[in-house]
Amino acid sequence: MTDGNNLICVFTGSLVDVKYYKERLEELGIPSLWKDEFSSGTLVGMGGTPDNVDLYVDEEYEAKARNCIASFQDQ
């Protein structure tokens, strides 16, 4: 991954879905990370929803990642 300046959100959904897609992308050589405002919010006493987790990839992988996620969703 880069220094984080070129990250693009390619999917937002439940933590379960995001973890699944993250694993599939990494199997294809696409590094990714997820941001979970629900868990972060509970640490500091603020809210968030567990179905609002974002999956990010470097912008160079955006098209490939979106295509892969779309193909997984079609299965």
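Use the structure listed above.
The present account deals with the structure reproduced in this document. The numbering scheme is per chain: residues are counted from 1 as the chain's sequence reads. In view of the model being predicted, local features appear only for residues whose pLDDT reaches at least 70, and side-chain atom pairs are presented and counted only at 80 or more, with totals across whole chains, interfaces and linings using the full set of residues. Side-chain measures were taken over the full set of non-hydrogen atoms in the model, leaving aside hydrogen atoms and water.

## Notes on helix α3 (residues 62-74)
- What counts as a helix is a DSSP run of H or I of at least four residues, what counts as a strand is a run of E of at least two, and both are numbered from the N terminus. What a helix should span is 1.5 Å times the count of its residues minus one. Its 13 residues give α3 an end-to-end C-alpha distance of 18 Å, which sits within 8% of 18 Å, the value for a rise of 1.5 Å per residue.
- Among all positions in α3, only A65, C68, I69 and F72 are buried. One side of α3 carries all its buried residues, which in axial view fall inside an arc of 95°. Opposite the buried face of α3, by more than 90 degrees, sit the exposed residues A63, N67 and D74.
- The criterion used for residue contact is that any of the two residues' heavy atoms lie within 4.5 Å. The inward-facing, buried residues of α3 abut β1 (7-13), α1 (15-27) and β3 (53-58). With a 1.4 Å probe rolled over the protein chains alone, any residue whose accessible area is under 20% of its type maximum counts as buried; one over 50% counts as exposed, and the rest are partly exposed. The directions from the helix axis to the C-beta atoms are what the arc is built from.

## Observations concerning the packing of aromatic side chains
- What counts as a ring pair is set by centres within 6.5 Å for rings of Phe, Tyr and Trp (its six-membered ring), and what kind of pair is set by the plane angle: stacked under 30 degrees, edge-to-face over 60, tilted for all other angles. Enumeration over the complete set of coordinates arrives at four aromatic pairs.
- Each ring, one from F11 and one from Y21, has its centre 4.8 Å from the other, and the planes form 75°; the classification is edge-to-face. Within this pair, whereas F11 is found in strand β1, its partner Y21 is found in helix α1, the two being separated by ten residues in sequence.
- By relative accessible area, which is 12% here, F11 ends up buried.
- A residue is classified by how much of its surface remains accessible, and Y21, at 8% relative accessible area, is buried.
- Each ring, one from Y20 and one from F72, has its centre 6.2 Å from the other, and the planes form 75°; the classification is edge-to-face. Taken as a pair, Y20 in helix α1 and F72 in helix α3 lie far apart in primary sequence, 52 residues in all.
- Taking relative accessible area as the criterion, Y20 reaches 37% and is therefore assigned partly exposed.
- Ring pairing ties together the aromatic residues F11, Y20, Y21 and F72, which thus form one cluster.

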